[in-house]
Amino acid sequence: MAQLARQQRSAAVTLHQIPNTIKTDSYWMPFTANRQFKKAPRLFSSAEGMYYTSVDGRQVIDGSAGLWCVNAGHGRKQIAAAVERQLMTLDFAPSFQMGHPLAFDFAERLAEIAPDGLDRVFFTNSGSESVDTALKIALAYHRANGQASRTRLIGRERGYHGVGFGGTSVGGMVANRRAFTTLLPGVDHIRHTHDLARNAFAKDLPEHGAELADDLERLVALHGAETIAAVIVEPVPGSTAVLPPPKGYLQRLREICDKHGILLIFDEVITGFGRLGTPFAANFFGVTPDLMTTAKGITNGTVPCGAVFASRKVHDGMMTGPENQIELFHGYTYSAHPVACAAGIATLDIYKDEGLLTRGASLAEYWRDALHSLKGLPNVVDIRNCGLMGAVELAPRNGAVGARGYDMLVECFNNGLYLRTGGDSVAMSPPLIVEKSHIDQMVSILGDAIKKVA
């Protein structure tokens, strides 16, 4: 018995759970200053509900829903059980010329909550793959409908659309592009909407800037509408620290796209699945795109999965030619993976049973007021919010852009709050199970950190 107990203890304790003993050399971390991180790693060992547990046993409240994806909170046993059952029933099935029932069931469930008209679903494995898929569908759609000259793709400055070559090309974050000079040709960008001079400390949607959508007209005049296939934007950019669109901006963008026969793509990888207090940002703003990319919250972050929602116009426009002809020469080995579908259906069940796709609406005002209570603290130059998304922008230190933001990240982690940083802005977007007491805790830790690193 004593030997068995020793074996059980040995099996339960790994290097990842013992502070300062983990070997970090082999893992090349994504979007991380690897040398800096490995000098003082910040490691999580477990998670439940609203909290991570660090390797040294501290509770750290999750202020960012993982990477904007753990919408239903951590450790949902219902999802884990569904994944286990599926692995023991059908671990993999090919999705090229074959299928499995769960893929069709999952697509039907997603279509039920989709914005009106976006009820055709193409499965991917990530937000990056969803974006590249949507861009390819847009190009293929125009070609199938006799407009092969429409090959130009339009993104937006400060936009983030994943890390594929398509998403990087239409993305507008300079640091994500400068090292990869071989990007897609025929891509242009409209102006971003961040306007500190007119909109600083705006609550919810900024009053000024709807006219910035007219920048698309400039590109139409420059390139010709007949050359433009699609425009892709995040309804609320997240990776550039939460930039809510000005009132009327998205509506105006939709009008211009309709006027010139350009497809409108919403990148809802972050805003999808309840983040704004509606199932999707398209519902929140009352603007329906032609294509909508999703991932992250689709499985509560448990199993990689993504989906592109397409309008009937786009889908049916591709269903041409002989019936035995492949309509879209595109897809992934793991498209509609059985385990991902099982996790996704279980996630949708939780969203439905607990009302999580709309719960954020009841907390949005409290969230907004809590964040804006930080106005007036040292070096706070802007506070932004929309739904359960929020950001605090700090003035950079002289000659050290991003240093204050990084210090904020470390200070908050050390005091029990995980959040995201981008430059000198910090962004939060908690799981949708968040309570007012959690919001109070997050804002209190953030406020103390702002004062300390001032």
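Residues numbered from 1 in each chain as written. Predicted model: local features only at pLDDT ≥ 70, side-chain atom pairs only at ≥ 80, totals over all residues. Heavy atoms only, no water.

**Comments concerning the domain arrangement of the chain**
The criterion, for reference: Where each domain starts and ends comes from a domain assignment, either automatic or drawn from a database. Whether two residues are in contact is decided by their heavy atoms: any pair within 4.5 Å suffices. Using a 1.4 Å probe, buried area is obtained as the accessible area two parts lose upon being combined, added over both of them. N or O atoms closer than or at 3.5 Å make up a polar contact, with two conditions inside protein: a donor-capable atom paired with an acceptor-capable one, and, for residues adjacent in sequence, both atoms drawn from side chains.
Domain assignment breaks the chain into domain 1 (34-74 + 359-453) and domain 2 (77-354). Each of domain 1 and domain 2 has a C-alpha centre, and these two points are 26 Å apart. Contacts between domain 1 and domain 2 engage 33 residues on the former and 34 residues on the latter. Here domain 1 meets domain 2 over a buried area of about 2,600 Å², counting both sides, of which 60% is carbon and sulfur. When the buried area of domain 1 at its contact with domain 2 is split by residue, Trp68, Cys386 and Met389 rank highest and sum to 23% of it. For the pair domain 1 and domain 2, the interface holds 16 residue pairs in polar contact (both at pLDDT 80 or more).

**Comments concerning the sheet that holds strand S15 (residues 425-428)**
Selection criterion: Two strands are said to pair when DSSP picks up at least two bridges between them. Only DSSP runs of H or I covering at least 4 residues are called helices, and only runs of E covering at least 2 are called strands; the numbering of each starts at the N terminus. To get an axis, a line is fitted to the C-alpha atoms, and for a helix only the part in contact is used. The angle between two axes follows their N-to-C directions and goes from 0 to 180 degrees.
As summarised here, the arrangement of the four strands in space is S11-S12-S15-S14, forming an open sheet in which the pairing is antiparallel. Two strands lie at the open edges of the sheet, namely strand S11 (380-386) and strand S14 (420-422), each paired on one side alone. Sheet twist, expressed as the average angle between the axes of neighbouring strands with direction ignored, equals 20°. In the sheet, S14 pairs with S15 via three bridges, with the strands oriented antiparallel. Paired with arginine 420 across the strands is alanine 427, a residue of S15. In the packing of helix H15 (residues 356-372) onto the sheet, contacts are made with S11, strand S12 (389-394) and S15, and the angle to S11 comes to roughly 175°.

**Examining the side chain of glutamate 393**
As a reminder of what qualifies: When accessible area is computed with a 1.4 Å probe and restricted to protein chains, residues below 20% of their type maximum are described as buried, those above 50% as exposed, and intermediate ones as partly exposed.
Tracing the backbone shows glutamate 393 in strand S12. Note on glutamate 393: relative accessible area 14%, which makes it buried. Side-chain polar atoms of glutamate 393 contact the side chain of histidine 194, separated by 3.3 Å. Not counting the four nearest positions on each side in its chain, glutamate 393 is found in contact with His194, Leu196, Asn379, Val380, Val381, Asp382, Arg384, Asp424 and Ser425.

**Considering helix H16 (residues 403-414)**
Convention followed: To estimate how far a helix should reach, multiply one less than its number of residues by 1.5 Å.
Compared with the 16 Å implied by 1.5 Å per residue over twelve residues, the 17 Å span of H16 between its first and last C-alpha is a close match. Among the residues of H16, those classed as buried are Arg404, Gly405, Met408, Leu409, Glu411, Cys412 and Phe413.

**Quick notes on the side chain of aspartate 424**
The cut-off we apply is this: For the charge count, each Lys or Arg is scored as positive and each Asp or Glu as negative, with His and the chain ends excluded. Only one rule defines a salt bridge in this text: a Lys or Arg side-chain nitrogen within 4 Å of an Asp or Glu carboxyl oxygen.
Secondary-structure assignment places aspartate 424 in the loop between S14 and S15. The buried charged residue aspartate 424 lacks any salt bridge partner; its closest oppositely charged side chain belongs to arginine 404, at an N-O distance of 5.9 Å. Among the polar contacts made by the side chain of aspartate 424, one reaches the main-chain amide nitrogen of arginine 404 at a distance of 3.3 Å. Those residues in contact with aspartate 424 that sit more than four places away from it in its chain are Val392, Glu393, Leu394, Pro396, Val401, Gly402, Ala403, Arg404 and Gly405.

**A closer look at the packing of helix H4 (residues 77-89) against helix H14 (residues 338-354)**
The test is simple: Angles below 35 degrees are treated as roughly parallel, those above 145 as roughly antiparallel, those between 65 and 115 as roughly perpendicular, and all remaining angles as oblique. With the far helix as reference, a near helix turned anticlockwise by less than a right angle produces a left-handed crossing, and one turned clockwise produces a right-handed crossing.
Contact pair H4 / H14: the axes reach a minimum separation of 8 Å and the direction vectors enclose 150°. One finds that H4 runs roughly antiparallel with respect to H14. Crossing handedness for the pair H4 and H14: right-handed. Counting all contacts with H4, which are made through Gln78, Ile79, Ala82, Val83, Gln86 and Leu87, the residues of H14 involved are Pro338, Val339, Ala342, Ala343, Ala346, Thr347, Asp349 and Ile350.

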